[in-house]
Amino acid sequence: MAITSYPFDNQAVTETQYSQMFREFQDSGVVASYSSGSAFGVTAASGMQVTVAAGLAFVRGFMVQSTATEPLTIPTAGTSARVDRIILRLDPSTNSIVLAVLQGTAGSSTPTALTQTDTGLYEMELAQVTVGANVTSISSSNITPMRPVIGTRVGSWATRTRPASPRMGQIGYNNTTSQWEFWNGTAWASLVATVTWDSLSGIPATFAPAAHAHKWADITDRPSALPPAAHTHDWAQVTGKPTSYVPSAHGHGWDEISGKPSTYAPSTHSHTWSSITSKPSTFPPSSHSHSSYLESGDTIAWANGSKKPHSNSVSGSGTYYAVWVEGDGTFARNTSSRRFKQNIRDINVAPEAVLSLRPRLYDRRPKEDGGDYLRDEFGLIAEEVAETLPEIVTYDEHGRIDALRYDLLGVALLPVVQAQERRLRELEERLAALEAA
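Source: prediction; values computed, not measured.

A few words now on the overall build of the protein. Scanning the protein from N- to C-terminus turns up five helices and 21 strands. In the protein, which comprises 437 residues, the share counted as buried stands at 22%. Of the contacts formed within the protein by residues at least 6 apart in sequence, a portion of 46% connects residues at least 24 apart. When the accessible surface of the protein is split by element, carbon and sulfur atoms take 54% of a total near 32,500 Å².

Here you go:
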């Protein structure tokens, strides 16, 4: 077994031994800060020339120092593009380290491989120069810095300039990814592992919601002011309420009335047309007339329509109402205030029921007294709507499907819009969470 130790006094030490010793102290690279572009930095000059700045560098255990800017000429461009390398070349046989251009292969985007032997030639790259076809000059955009930068054993590099032959556990700061990394024997790995939800073990598949509270100050994106909206309060929460109330016009459900008689003596009264049973479906014509205008509260006959609404025009700043015509021909205004309603409760309208409605194009049949078809009218078919959204379908006195409450269709669309808004908000929150990650 042979054991060699060096250097000692009165002992001959070879350059190979010195190279082996010094390369253990420092990797090959330019002695400078990574952010400094001056040390052995390559820049464009004029024509096919580039310049290499002065600098200090270790190359395979040997040191090279340049004290002035050195020009290098790029070989003449050919008819095909290529990628050249600007290198420092160590040649132990000539005891020298020189600047050189390693010409690439025409038509290839991959530069010629570096020669890096243990005891012979060793080439260290400073930059790559893209030489276009038939060009006569090199610009700064054609030059890509490739020099490794050293100064301490804890290195600093870009992804493209990592140490060529790292050892297990070598550590450095990657300026490209802004992360500390180390060589694990097969690849560069982040010093601080990235933790993702999928990388965790024992995580629950779902989370049950639980009652919780947040302080108003902890809520983000809260509105600065809240417009009033329809809502309710428990009677005990209302302050300043009167102790007694004067009677006013109001209504009660029949089941809410106590002490009502079980039977009633007949008296003069009226019934709406829709409440009459066994009425004839048609009436023979007879001599009759209509006044030119209907008085307030009058009803209209289906045959003659109403001249009064037809002759009126909407103008002025008064209050306007949507008008309904009841089954017996009575005009009524469409009201929405709570004072006209009772037994108010929520209704769940399935968005898919609304989305399944099919607008149709059709020709409307003429009136019984003749006339032309009303062609290419579009709308909904009541029988089709009744299959998915029966709440807006109306029936005639014989129980047949008759019409649609188109005024309720807009209300039925609200759950669809609200569901889409909720899904859009959830997608935006998930996208924001992914971008933040």
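Now that the structure has been shown, the text picks up again.
For the rest of this paragraph, the subject is the pattern of salt bridges. Scanning all chains against the criterion turns up 12 salt bridges. Among the ionic pairs, arginine 82 bridges to aspartate 84, the shortest N-O distance being 2.8 Å. With respect to burial, arginine 82 and aspartate 84 carry one shared label: buried. Across the salt bridge formed by glutamate 123 and arginine 89, the nearest N and O atoms sit 2.9 Å from each other. Taken as a pair, glutamate 123 in strand β9 (residues 122-131) and arginine 89 in strand β7 (residues 82-91) lie far apart in primary sequence, 34 residues in all. For arginine 89, a relative accessible area of 23% corresponds to the partly exposed category. Linked through salt bridges whose partners overlap, the residues forming this network are Arg23, Arg60 and Asp118.

Let us look at the sheet that holds strand β6 (residues 70-73). Neighbouring strands of a sheet are bound in pairs by backbone hydrogen bonds; such pairs are parallel or else antiparallel. Overall, antiparallel pairing links the three strands, which are arranged β2-β3-β6 in an open sheet. Edge positions in the sheet fall to β2 (42-44) and β6, since each has one partner strand and no second. Each strand of the sheet is rotated relative to its neighbour by a mean of 35°, with strand direction disregarded. The pairing of strand β3 (residues 49-52) with β6 spans four bridges and is antiparallel. Paired with valine 52 across the bridge in β6 is glutamate 70.

Glancing now at the sheet that holds strand β10 (residues 143-145). Strand order in the open sheet made by the four strands is β8-β7-β9-β10, with antiparallel pairing throughout. Bordering the open sheet on either side are β8 (96-102) and β10, each of which pairs with just one other strand. Adjacent strand axes in the sheet meet at a mean angle of 20°, parallel and antiparallel pairs treated alike. Where β7 and β8 come together, seven bridges link them in antiparallel fashion. Within the sheet, the bridge partner assigned to leucine 88 lies in β8 and is leucine 99.

Grouped together as the largest cluster of nonpolar side chains are 25 residues, with contacts concentrated most on Ile86 and Leu88. Broken down by secondary-structure element, the contributors of at least two residues to this core are β3, β4 (55-59), β7 and β9. No other element matches β9, which puts six residues into this core. Sequence-distant contacts of leucine 88, defined by excluding residues within four places in its chain, comprise Phe40, Ala57, Val59, Val64, Ile97, Val98, Leu99, Tyr122, Glu123, Met124 and Leu126. The next biggest cluster of nonpolar side chains, apart from the first, holds 14 residues, and it includes Ala353, Val385, Leu404 and Val416.

Moving on: the side chain of aspartate 84. With respect to the helices and strands, the residue aspartate 84 is situated in strand β7. Apart from the residues lying within four places of it in its own chain, the contact partners of aspartate 84 are Ile74, Pro75, Val101, Leu102, Gln103, Gly104, Ala127, Gln128, Val129 and Val131.

Before going further, it helps to examine the environment of lysine 260. Positionally, lysine 260 belongs in the loop between β15 (188-190) and α2 (307-311). On the basis of relative accessible area, lysine 260 is assigned to the partly exposed category, the value being 32%. A polar contact is formed between the side chain of lysine 260 and the backbone oxygen of tryptophan 254, at a distance of 3.3 Å.

Considering the arrangement of structural elements, one finds arginine 147 in the loop between β10 and β11 (149-150). In this structure, arginine 147 is buried with no salt-bridge partner, the nearest side chain bearing the opposite charge being glutamate 125 at 11 Å. At 2.5 Å, the side chain of arginine 147 forms a polar contact with the backbone oxygen of alanine 39.

Bringing the confidence of the model for the protein into the picture now. Residues of the protein with pLDDT of at least 70 account for 88%, and the chain-wide mean is 84. Below pLDDT 50 for its whole length, residues 289-298 participates in 10 contacts with residues either more than four positions away or in separate chains. Predicted confidence is poor over residues 300-308, with pLDDT under 50, and the contacts of this stretch with residues over four places away or in other chains come to 18 contacts.

What follows covers the packing of aromatic side chains. A full pass over the atoms with the stated rule returns six aromatic pairs. Relative to tryptophan 180, the ring of tyrosine 173 lies with its centre 5.4 Å away and its plane at 65°, an arrangement referred to as edge-to-face. Judged by relative accessible area, which is 27%, tyrosine 173 ranks as partly exposed. A relative accessible area of 40% places tryptophan 180 in the partly exposed class. Seen from their ring centres, tryptophan 197 and phenylalanine 207 are 6.3 Å apart, and the 50° between their planes marks the pair as tilted. Of this pair, tryptophan 197 sits in the loop between β15 and α2 while phenylalanine 207 sits in the loop between β15 and α2; the two residues are 10 residues apart in sequence, bridging distant segments of the chain. Under the relative-accessibility criterion, tryptophan 197 is labelled partly exposed at 46%. Three or more aromatic residues joined by ring pairs make a cluster, and in this case those are Tyr18, Phe22 and Phe25.

To continue, consider unusual backbone geometry. Note the cis peptide between tyrosine 6 and proline 7, where omega equals -5°. Within the secondary structure, proline 7 is located in the segment before α1 (15-25).

As a further point, take a nonpolar patch on the surface. A cluster of nonpolar side chains, contributed by Val195, Trp197, Leu200, Ile203 and Phe207, occupies part of the molecular surface with about 520 Å² of accessible area. Residue position: valine 195 is located in the loop between β15 and α2. Taking the relative accessible area as the measure of exposure, valine 195 reaches 61% and is therefore exposed.

Scoring rules and cut-offs
- Residues numbered from 1 in each chain as written.
- Predicted model: local features only at pLDDT ≥ 70, side-chain atom pairs only at ≥ 80, totals over all residues.
- Heavy atoms only, no water.
- Helix = DSSP H or I, 4+ residues; strand = E, 2+ residues; numbered from the N terminus.
- Buried < 20%, exposed > 50% of the residue type's maximum accessible area, 1.4 Å probe, protein only.
- Contact = heavy atoms within 4.5 Å.
- Areas by Shrake-Rupley, 256 points an atom, 1.4 Å probe, with all protein chains shown as cover.
- Salt bridge = Lys/Arg side-chain N within 4 Å of Asp/Glu carboxyl O.
- Pairing = 2+ DSSP bridges.
- Axes fitted to C-alpha atoms, helices over the stretch in contact; angles between N-to-C directions.
- Core = buried A, V, L, I, M, F, W, Y, C linked by side-chain atoms within 4.5 Å.
- Polar contact = N/O pair within 3.5 Å; in protein donor to acceptor, adjacent residues only side chain to side chain.
- Lys, Arg positive; Asp, Glu negative; His and termini not counted.
- pLDDT = per-residue confidence, 0-100.
- Phe/Tyr/Trp six-rings, centres within 6.5 Å; stacked < 30°, edge-to-face > 60°.
- Patch = residues over 30% accessible without salt bridge, like charges linked within 9 Å, V, L, I, M, F, W, Y side chains within 5 Å.

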